[in-house]
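One letter stands for each residue in the lines below.
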2 protein chains.
Amino acid sequence: MNKIQEKFKKLGIEHAPGQEANRKNSMEDVRGPKIHEELIDFSHGDVDAFLPIPSSLDYFEKGVSDGGNQAYTEYKGSREIRKHLADKIGKFINKDINSDTNIIITPGTQGALFLAISSIITKDDKVAIVQPDYFANRKIVEFLEGEIIPISLNYQNETRKSGLNIEELEDAFKSGVKLFVFSNPNNPTGVIYSSKEIKNIRELAKEYNVKVIADELYSRQVFDENHYEHLFTSDEVDTENIITIMGPSKTESLSGYRLGVAFGSEEIIKRMEKLQAIVSLRTAGYNQTVLKSWFTEPDNWLINRVKDHQNIRNDLVNKFRKSNSFKVRPTEAGSYLFPEIKNLNISVESLAEILQSQANVIVTPGTEFGEQFSNSFRINFSQDREKANEGADRIIEIVSRYTN
Amino acid sequence: MNKIQEKFKKLGIEHAPGQEANRKNSMEDVRGPKIHEELIDFSHGDVDAFLPIPSSLDYFEKGVSDGGNQAYTEYKGSREIRKHLADKIGKFINKDINSDTNIIITPGTQGALFLAISSIITKDDKVAIVQPDYFANRKIVEFLEGEIIPISLNYQNETRKSGLNIEELEDAFKSGVKLFVFSNPNNPTGVIYSSKEIKNIRELAKEYNVKVIADELYSRQVFDENHYEHLFTSDEVDTENIITIMGPSKTESLSGYRLGVAFGSEEIIKRMEKLQAIVSLRTAGYNQTVLKSWFTEPDNWLINRVKDHQNIRNDLVNKFRKSNSFKVRPTEAGSYLFPEIKNLNISVESLAEILQSQANVIVTPGTEFGEQFSNSFRINFSQDREKANEGADRIIEIVSRYTN
């Protein structure tokens, strides 16, 4: 196997969300009858159940009618729209953002992550990555041939903190880590980092001069009035060390437009723009206009959306807890649950295949988030409430066939 | 300067098309009065002069109304749309394309180029690149820390060939080149590779087992009924060695949607999809639908568009030739002209800055395409015909002040 083949071998996408159509079902260990029902796809949110921001398509059409001016923006995005974003996000996180130099529009938060990590590290650089956390963090570092230093997250704790192992993080920073990437709320567990944990991260980043990328994609969807602390929002922070990522693909259901934003360090944003120029030139020009619908949603639109998700979370957590086969920490923010199955007697990848073939339910196996999560699976409960409940019932039924 | 800073230093975008708003005008050598007229931007085509395919927005809206199904496609793009593309492009190039395994939808042809090059080479691999050719080819290789082997193109020849130096190419292949990237028609000169040249490239690729990326972005806009030979269209070709790139951003004016396609080698397409998954997940779902308007334009739409561009080319070539300060080969396909200025007595970057500040005309300096093109500039003449003529007049006037 040559170098490039080796490099791509690490980038498996067979079990990645959205790729289930390509799964080769190798499972023979079928126990019990098929459940013949409608597909329930927990691998991502259902934008037909939670519709995009009402004005989004109108803004798109406005972009098209603006013509060449909107088709060919600067690589980092339209000046006017960056202004809108810097203003609105600045108010949201309570810190000023310079729209000329400190913000870039990207093709989704995935685009922002790729550009940001690629602008900070190169071959052999060390990167601290939380386990579990969003699988693309790891894959991007592997593509860039960096070295991953795992940091554990003891998320199954009973207190109001994420459970980040701060000692491990400091040891990693001491050992010469260049970059720390983490999502807050954590994907897949839905836990929020406490103010103290965020303060610790800020201090360590400053002390050891480590760059930090905070993926705050779900930070507008906080339940139970939990406190959420943005990494960037502090006078103590060294702004040149930090990049924050946000986007309207999840809570706001705009994933079909591929829109994201990164803000923070001027130097890194500058590199990200240079890289954007050769990766995809720019976020699709007309699509950028849709960002004007973000943070300007109708009154109560966001409040109701969060409430609706909180209700579904309650339903599912209750169901899983009642069954006794699962250990699950309730989501504090975002749309993910990451239940752990007690006494599972097949691999979780096989379980995911069986759920799909026998019960028409798609989940993401825990091993996508780290090898050790071999008894866990992730579901995105941004679904029609009734379907979400029905899906949980099917999972519980199938799981009962494969536990001791 | 650390490793990552060095890496990004090579990726300058100050003189890249579309970034002119950020040019720092350092030029003091002003000769003669300002020409106070409307902006004419030759750095890219004007989609307000040549409008997008008429049905494009309708298709987009159809995509949005399809909802979740279209928002979350496979990473390589919607199966149905890949089918459409494989069918239509297969007929266009007269060769079958398997829509399941041999084609991927990308965010523009820029996206396709980045994914393809990144899926073929890694650090220290050698890449043969034509000079002059599209500047991003070089920049992507530099980002990946590959080694560039320049191949000269003697485009100022009087015969019906591109002027590719085949001996240099074979020497490069012999020396262990992994990949050869070229655009056909060539960007910036607009010359078409002859059938014999294409045949040579196919044979050399096979003999030395070198991968070839053919950027055929402008292959639908061929003038004077010139013969155009697609690299992929031959029974002799080793299909696993070849990736072809196309897209509707130029002739079809759909740049604002960021759409492209790559087809060819199954193994490379597979890697490109894995990479797409971490670079931007997928081409924006709703945008993909717009590809259904491509290759299904109204009767005569394309014929008229090509004819209109040919007329503008004729106007401009006549103007530049009449002035005697320029050497210019007429565009054979595409919308670019690459005039060489005789006896220019300032740098072409300074000339570009002066053209912008003194005559409100934007051109791309030749040095973007290779250091040696220090007397040339590129213009994209996909403009309103009258404005294009007016712009050429202004260029000729300003150039007359800076030539011996």
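The structure this text deals with has already been given above.
Everything numeric in this text was worked out from a predicted model, so none of it was measured.

Draft legend 1. Local environment of the pattern of salt bridges. Residues and elements named next belong to chain B. Summed over the entire model, instances satisfying the criterion amount to 45 salt bridges over all chains. Linking Asp66 and Lys62 is a salt bridge whose minimum nitrogen-to-oxygen distance equals 3.4 Å. You can see Asp66 and its partner Lys62 sitting in helix α2 (residues 56-66), four residues apart, about one turn around the helix. Across the pair Arg220 and Glu297 runs a salt bridge whose closest N-O atoms are separated by 2.7 Å. Here Glu297 lies in the loop between α10 (285-289) and α11 (301-323) and Arg220 lies in the loop between β6 (211-215) and β7 (242-246), a separation of 77 residues in the sequence.

Draft legend 2. Geometry of the packing of aromatic side chains. In the structure shown here, the tally under the stated rule is 48 aromatic pairs over all chains. Consider the rings of Phe60 of chain A and Phe60 of chain B, whose centres lie 3.7 Å apart with planes at 5°: the pair is stacked. With Phe60 of chain A in helix α2 (residues 56-66) and Phe60 of chain B in helix α2, this residue pair bridges two chains. When sorted by exposure, Phe60 of chain A lands in the same class as Phe60 of chain B, which is buried. In textbook terms, an aromatic cluster arises when at least three aromatic residues are bridged by ring pairs, as seen for Phe8, Phe114 and Phe143 of chain A together with Phe8, Phe114 and Phe143 of chain B. Over the aromatic face of Phe232 of chain A sits the side chain of Lys95 of chain A, whose NZ or CZ is 4.9 Å from the ring centroid.

Draft legend 3. Just the side chain of Arg220 of chain B, in detail. Accessibility expressed as a relative area gives 10% for Arg220 of chain B, which makes it buried. Each residue touching Arg220 of chain B, except ones within four places of it in the same chain, is listed here: Phe92, Met246, Glu252, Trp294, Phe295, Glu297, Leu302 and Val306 of chain B.

Draft legend 4. Region of the structure containing the interface of chain B and chain A. Each side of the interface is counted separately: chain B has 69 residues, and chain A has 69 residues. Here chain B meets chain A over a buried area of about 5800 Å², counting both sides, of which 62% is carbon and sulfur. Broken down residue by residue, the surface that chain B buries against chain A is led by Tyr72, Lys274 and Ile278 of chain B, which jointly contribute 13%. At the boundary of chain B and chain A, one finds 17 residue pairs in polar contact (both at pLDDT 80 or more). At the level of elements, α1 (3-9), α2, α3 (68-71), α5 (108-118), α6 (135-143), α9 (266-279) and α10 of chain B are the ones that each hand at least two residues to the side of chain B that touches chain A. In terms of residue count, the dominant contributor to the side of chain B that touches chain A is α9 of chain B (seven residues).

Draft legend 5. View of the sheet that holds strand β4 (residues 147-152) of chain A. Residues and elements named next belong to chain A. Reading across from one edge, β2-β8-β7-β6-β5-β3-β4 is the order of the seven strands in this open sheet, with mixed pairing throughout. Two strands close off the open sheet at either side, each with one partner strand: β2 (103-106) and β4. The average angle at which neighbouring strand axes cross in this sheet is 20°, direction not considered. Of the strand pairs in this sheet, strand β3 (residues 126-131) and strand β5 (residues 179-183) are connected by three bridges, and their pairing is parallel. Across the sheet, the residue bridging to Ile129 is Val181, located in β5. Lying on the sheet, helix α4 (residues 79-93) is in contact with β2, β7 (242-246) and β8 (260-264); it crosses β2 at an angle near 110°.

Draft legend 6. Summary view of the nonpolar core. Phe180 of chain A together with Phe180 of chain B are the most contacted members of the largest nonpolar core, which has 188 residues in total. For Phe180 of chain A, the residues in contact, after removing those within four places along its chain, are Ala128, Val130, Leu164, Leu169, Phe173, Ile201, Val210, Lys211, Val212 and Ile213 of chain A.

Draft legend 7. The relation of the copies chain B and chain A, seen in detail. Rotating chain B by 180° and moving it 0.0 Å along the rotation axis overlays it on chain A with an RMSD of 0.0 Å. The two molecules are tied by a two-fold rotation axis, judged by turn and shift.

Draft legend 8. Structural view of the environment of Phe8 of chain A. Structurally, the position occupied by Phe8 of chain A is in helix α1 (residues 3-9). For Phe8 of chain A, a relative accessible area of 2% translates into the label buried. Sequence spacing of Phe8 of chain A and Lys139 of chain A is 131 residues, and the spatial spacing of their C-alpha atoms is 9.7 Å. If sequence neighbours within four positions are ignored, Phe8 of chain A has contacts with Phe143 of chain A together with Ser118, Ser119, Arg271, Lys274 and Leu275 of chain B.

Draft legend 9. Inspection of unusual backbone geometry at higher detail. With an omega of 0°, the peptide bond between Asn184 of chain A and Pro185 of chain A qualifies as cis. Even without being glycine, Asp124 of chain A reaches a positive phi, approximately 75°. Mapped onto the elements, Asp124 of chain A comes out in the loop between α5 (108-118) and β3. Asp124 of chain A gets classed as exposed once you look at its relative accessible area, which sits at 55%. Although it is not a glycine, Asn324 of chain B sits at a positive phi angle of roughly 70°. Looking at where Asn324 of chain B falls in the secondary structure, it is placed in the loop between α11 and β9 (326-327).

The rules we used
- Residues numbered from 1 in each chain as written.
- Chains lettered and ligands numbered in written order.
- Predicted model: local features only at pLDDT ≥ 70, side-chain atom pairs only at ≥ 80, totals over all residues.
- Heavy atoms only, no water.
- Salt bridge = Lys/Arg side-chain N within 4 Å of Asp/Glu carboxyl O.
- Helix = DSSP H or I, 4+ residues; strand = E, 2+ residues; numbered from the N terminus.
- Phe/Tyr/Trp six-rings, centres within 6.5 Å; stacked < 30°, edge-to-face > 60°.
- Buried < 20%, exposed > 50% of the residue type's maximum accessible area, 1.4 Å probe, protein only.
- Lys NZ or Arg CZ within 6 Å of the ring centre and 35° of its normal.
- Contact = heavy atoms within 4.5 Å.
- Buried area = accessible area lost by both parts, 1.4 Å probe.
- Polar contact = N/O pair within 3.5 Å; in protein donor to acceptor, adjacent residues only side chain to side chain.
- Pairing = 2+ DSSP bridges.
- Axes fitted to C-alpha atoms, helices over the stretch in contact; angles between N-to-C directions.
- Core = buried A, V, L, I, M, F, W, Y, C linked by side-chain atoms within 4.5 Å.
- Least-squares fit on C-alpha atoms with pLDDT ≥ 70 in both.

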